[in-house]
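Geometric and topological summary
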Amino acid sequence: MSPVTLFYRVEMVDVDSSRRGTWLPSFAGPLGALAIAAILFSVILVIAGRSPSATLWALFNGAFGTKFGIRETLTRCTPLMLCALAVAVPARAGIFNIGGEGQLHFGAIASAAVALHFGSGLGSMTIPVMVLTVLVAGAAWSLIPGLLKAVLNVNEVLVALMLNYVAILLVEYLVHGPWKDPSALGWPYSAPFPKAAVLPTWQGTNVHLGLLFGVVAAGCFWFVMARTTFGFSVKVVEANPVAARYVGMRLQSYLLITMALGGAMAALAGLGEVSVIQGRLRPDISPGYGYIGFLISWLAGHRFLIIIPAAILIGGLYSGSDELQLAAGLPSATVDILLGLVFVGVLLSGPIRRWLELRQRSLEIE
Amino acid sequence: MSESFAWTPLLVAGAAAAVGRGTPIALAALGEGISEKSGVMNLGVEGMMLVGALTGFVVQVHTGNPALAILGAGLAAAMLSSVHAALVLLCDANQIVSGFALTILGTGLSGFFGRPYVGVKLIGPEQIPLPVLRRIPYLGEILFQQDIFVYLTLVLTAGAWFLLYRTRFGLNIRAVGEDPEPAFAQGVPVRRTRFIAILIGGFLAGVGGAHLSVANTQVWAERMTSGQGWIAIGLVIVARWRPIPCLITAWVFGAMLVIHPYLQGSGIEVSPYLIGMIPYIAAVGALVVVTVLHRRSGHGMPASLARQLNLPE
């Protein structure tokens with residue numbers, strides 16, 4: 001194929017894949033995925049001897065039925081939204097970022113470093129300094145797999161996964177060792193963050209500035225991808241890397257830029273968790289938000305504006321399952337089953353949608 | 001002089017422990033290798049190991065028979081892997097996402113159904129010294145005074161090599177992994193071959209998980225595999241998709257998992273959390289080295305790994 005024909009193919013790339021001519025609305029896929037997950041989950045509940053309808057209702061009610069539940073859902077959706085953006089940005093350039101969990105933990109370490117080192121010394125500048133440090137730290141951590149992929153072509157999925165465990169162990173090492181607070185009665189905690197290093201919260205709840213960061217970032221990424229030349233270039237790189245290289249685009253730089261942006265987002269999630277939710281650096285700051293961010297991004301088809309409601313929904317699953325643990329005595333692993341099934345639903349909804357569309361088309365022809 | 005004398009039995013005991021701890025990784029990597037040889041990447045190893053670990057543990061608690069534990073663990077994990085098979089082979093799902101779903105699902109299912117077994121203790125499988133072989137100096141003590149899982153691993157590794165390189169079915173596996181469309185045209189049942197390879201992979205990952213809970217820790221804990229499934233997937237690349245190197249590298253990683261008590265014993269004080277990073281960092285290092293060394297030859301990767309099938313209906 002000559003470069004000219006390749007370039008022509010690039011021109012033909014469907015720039016906004018969400019607006020392909022279909023009779024199904026764009027949110028049908030995610031909703032279908034959730035419906036499939038609910039059905040499969042009911043089967044497991046029946047096997048475990050539980051009532052599916054009561055459990056699902058308790059889950060929904062716990063997530064969205066009460067004021068407390070909604071606040072809890074918004075609190076939970078903050079790290080999820082940021083971690084989903086961490087996956088979606090590189091995914092738009094065709095790269096897997098499964099390192100969200102590690103980037104989150106490294107961001108937590110970076111924010112603790114600023115908070116513990118400067119204390120209240122920076123005054124009102126503490127939070128801006130902390131946010132900048134965390135963004136840089138997250139980008140740096142994600143550039144390890146990014147650079148290894150770009151320069152040496154090492155499998156980025158496996159490197160990022162290994163680094164997740166390294167970052168988690170690094171947190172453990174710090175709070176058991178050098179950063180351990182002697183007054184924490186033997187618990188592996190760092191000293192509490194000074195007031196100046198706690199992100200502002202909304203009316204005394206745990207809903208914090210991180211949520212705003214997430215929403216604004218999603219909006220910015222949407223704008224960049226949909227309305228700028230850079231965004232168009234990223235789409236071309238994803239759709240046809242060979243053609244992109246023929247027209248002189250540097251694939252590696254797109255890989256690195258999107259990876260770094262993604263890592264920075266996941267690190268912000270870590271900042272919110274240690275600064276507001278825990279108030280200190282400690283182990284177990286994340287029940288796998290980084291991994292579930294991967295799920296949300298796929299659920300939303302890597303579309304930034306759909307990530308916002310998708311993250312709220314999955315955040316609701318978390319807060320609802322907290323309620324299930326308390327009220328119905330179900331184990332905490334219940335939410336993992338449910339999330340795994342949502343994944344399965346996402347993968348099943350694609351073929352089902354294709355099948356429905358094919359049928360519709362054949363009906364129209366008749 | 002007397003100090004240097006005491007090192008030998010210590011090292012031999014350490015090597016024997018490393019073989020024991022490396023066995024779950026070896027089995028999981030062997031299974032993943034067979035699955036990948038057929039062109040299907042399965043990132044669900046972690047979840048399948050957990051399901052196998054729980055099932056094996058439960059069977060061992062109730063029957064005390066390690067052979068039944070192996071069978072139960074393998075079948076349970078193979079059932080989970082059939083979800084991956086269905087998604088990948090029937091729905092043309094993205095292999096990476098589907099495998100990931102399997103890991104989360106397996107983590108959830110094992111945590112959910114395993115709660116009554118938290119804190120339960122069991123009697124592990126007994127060490128069965130093999131006659132004659134155990135008298136081989138050093139090697140006998142390291143390899144041939146182990147439990148049934150370890151011997152099974154040795155047999156299965158040799159068996160996997162034989163299956164892949166000396167049987168018709170093995171040839172089919174490699175053919176559908178390298179180039180499925182021509183294989184299909186030649187009459188090889190691509191989907192069926194891949195399906196069986198995925199199930200073998202799931203079975204072996206489950207048995208590996210069972211060794212972890214039944215023999216190594218002898219307790220069940222949620223998420224107890226702690227990334228060993230991911231290490232196994234990395235090992236497949238490091239061993240360049242060959243069964244026997246897979247086994248040996250798994251033992252090396254087993255050594256990294258048992259290193260901490262030995263360091264403490266010899267008076268070196270290092271944080272266990274820093275030591276805990278060694279296998280993960282070593283895996284990254286090994287991946288980099290293998291990728292760079294074999295850049296031209298494609299380091300033995302099945303040419304159609306994780307690629308979408310393009311078969312006529």
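Analysis parameters
- Residues numbered from 1 in each chain as written.
- Chains lettered and ligands numbered in written order.
- Predicted model: local features only at pLDDT ≥ 70, side-chain atom pairs only at ≥ 80, totals over all residues.
- Helix = DSSP H or I, 4+ residues; strand = E, 2+ residues; numbered from the N terminus.
- Rg over C-alpha atoms; globule rule 2.2 N^0.38 Å.
- Buried ≥ 20, exposed ≤ 12 C-beta atoms within 10 Å, placed from the backbone.
- Contact = placed C-beta atoms within 7 Å.
- Expected span 1.5 Å × (residues − 1).
- Axes fitted to C-alpha atoms, helices over the stretch in contact; angles between N-to-C directions.
- Parallel < 35°, antiparallel > 145°, perpendicular 65-115°, else oblique.
- Nonpolar A, V, L, I, M, F, W, Y, C, P; charged D, E, K, R; others polar.
- pLDDT = per-residue confidence, 0-100.
- Core = buried A, V, L, I, M, F, W, Y, C linked by C-beta atoms within 7 Å.
- Arc of directions from axis to C-beta.
- Left-handed = near helix turned anticlockwise from the far one by under 90°.

1. Quick look at the overall build of chain A
A tally of regular secondary structure across chain A gives 14 helices and zero strands. A compact globule built from 366 residues would reach a C-alpha radius of gyration of about 21 Å, and chain A, at 22 Å, matches this within 12%. Taken along its principal axes, the extent of the C-alpha atoms in chain A is 75 × 55 × 35 Å. Across the 366 residues in chain A, those meeting the buried criterion constitute 52%. At a minimum sequence separation of 6, the contacts of chain A that also span at least 24 residues come to 80%.

2. Topic: the overall build of chain B
Helices and strands together make up the secondary structure of chain B, namely 14 helices and zero strands. Relative to the compact-globule value of 20 Å for 313 residues, chain B shows a C-alpha radius of gyration of 20 Å, a close match. For chain B, the spread of C-alpha atoms along the three principal axes comes to 70 × 50 × 40 Å. A buried classification covers 51% of the 313 residues belonging to chain B. Long-range contacts, defined as pairs at least 24 residues apart, comprise 79% of the intrachain contacts of chain B with a sequence gap of at least 6.

3. A look at helix 11 (residues 251-278) of chain A
If you check helix 11 of chain A, its first and last C-alpha atoms are 40 Å apart, about what 28 residues at 1.5 Å a residue would give, namely 40 Å. Burial runs high along helix 11 of chain A: 22 of the 28 residues are buried.

4. A few points about the packing of helix 4 (residues 67-92) of chain A against helix 11 of chain A
Residues and elements named next belong to chain A. The contact between helix 4 and helix 11 brings their axes to 7 Å, and the two run at 175°. As summarised for this structure, helix 4 and helix 11 are arranged roughly antiparallel, according to the angle between their axes. Between helix 4 and helix 11, the contacting residues are Thr78, Pro79, Leu82, Cys83, Leu85, Ala86, Val87, Val89, Pro90 and Arg92 on the first element and Thr258, Met259, Leu261, Gly262, Gly263, Met265, Ala266, Leu268, Ala269, Gly272 and Glu273 on the second. Among the residues forming the contact of helix 4 with helix 11, the class breakdown is 14 nonpolar, five polar and two charged.

5. Section: the confidence of the model for chain B
Residue and element names in this part refer to chain B. When the pLDDT values of chain B are averaged, the result is 91; 97% of them are 70 or greater. Across chain B, helix 2 (residues 45-63) holds the top mean pLDDT of 97, while helix 12 (residues 259-265) sits lowest at 79. For this predicted complex, the interface score ipTM comes out at 0.90, while the overall pTM is 0.91.

6. Re the nonpolar core
Of all hydrophobic cores here, the largest spans 220 residues; its most connected members are Leu85 and Ile307 of chain A. The contact partners of Leu85 of chain A, leaving out residues within four places of it in the chain, are Gly214, Ala217, Ala218, Phe221, Met265 and Ile307 of chain A.

7. Comments concerning the environment of Ile148 of chain B
All names here are of chain B. Among the structural elements, Ile148 can be located in helix 6 (residues 148-166). For Ile148, a count of 17 C-beta atoms within 10 Å corresponds to the partly exposed category. Separated by 76 residues in the primary sequence, Ile148 and Gly72 place their C-alpha atoms 15 Å from one another. With residues near it in sequence (within four places) discarded, Ile148 still touches Pro66, Ala67, Pro125 and Ile128.

8. Things to note about helix 6 of chain B
Residues and elements named next belong to chain B. Over its 19 residues, helix 6 runs 26 Å from end to end, which matches the ideal 27 Å to within 8%, given 1.5 Å per residue. Along helix 6, the positions that sit buried rather than exposed are Phe149, Val150, Thr153, Leu156, Thr157, Ala160 and Leu164. The buried residues of helix 6 all sit within an arc of 110° when viewed along its axis, so they share a single face. More than 90 degrees from the buried face of helix 6, the exposed residues found are Val155, Phe162 and Arg166.

9. With respect to the interface of chain A and chain B
Accessible area lost when the parts come together is the quantity often used to give the size of an interface. If you look at the interface, chain A gives 35 residues, while chain B gives 36 residues. Of all the elements in the fold, those that place two or more residues in the side of chain A that touches chain B are helix 6 (126-152), helix 7 (156-176), helix 12 (289-299) and helix 14 (334-365) of chain A. Element by element, the count of residues in the side of chain A that touches chain B is highest for helix 14 of chain A, at 12 residues. Grouping the constituent residues of the side of chain A that touches chain B by class yields 26 nonpolar, seven polar and two charged.

10. Some remarks on the packing of helix 6 of chain A against helix 7 of chain A
Residue and element names in this part refer to chain A. Relative orientation of the contacting elements helix 6 and helix 7 amounts to 155°, with a least axis distance of 9 Å. In terms of axis orientation, helix 6 runs roughly antiparallel to helix 7. By crossing handedness, the relation of helix 6 to helix 7 is classed as right-handed. Within the contact between the two elements, helix 6 uses Trp141, Ile144, Pro145, Leu148 and Lys149 and helix 7 uses Glu156, Val159, Ala160, Leu163 and Ala167. Of the residues contributing to the contact of helix 6 with helix 7, the split by class is eight nonpolar, no polar and two charged.

11. Description of unusual backbone geometry
The residue Asp92 of chain B is not glycine, and still its phi comes out positive at about 50°. Taking the C-beta count within 10 Å as the criterion, Asp92 of chain B has 16 such neighbours and is therefore assigned partly exposed.

12. Focus: the environment of Met259 of chain A
Residues and elements named next belong to chain A. In this fold, Met259 is placed in helix 11. Accessibility expressed as a C-beta count within 10 Å gives 30 for Met259, which makes it buried. On a C-alpha basis, the gap between Met259 and Ala91 in space is 9.0 Å, while along the polypeptide they are 168 residues apart. Not counting chain neighbours up to four residues away, the residues in contact with Met259 comprise Pro90, Ile95, Asn97, Ser142, Leu143 and Gly146.

13. Quick look at the confidence of the model for chain A
Summary statistics for chain A give a mean pLDDT of 88 and a share of 93% for residues scoring 70 or more. Here residues 1-21 of chain A is a poorly scored stretch, pLDDT under 50, and it has 22 contacts once near neighbours within four places are set aside; other chains count.

14. A few points about the environment of Met265 of chain A
All names here are of chain A. Position of Met265 relative to the elements: it lies in helix 11. Along the sequence, Met265 and Leu85 sit 180 residues apart, while their C-alpha atoms lie 6.6 Å from each other. Beyond its immediate chain neighbours, meaning those up to four positions away, Met265 contacts Leu82, Leu85, Ala86 and Ala217.

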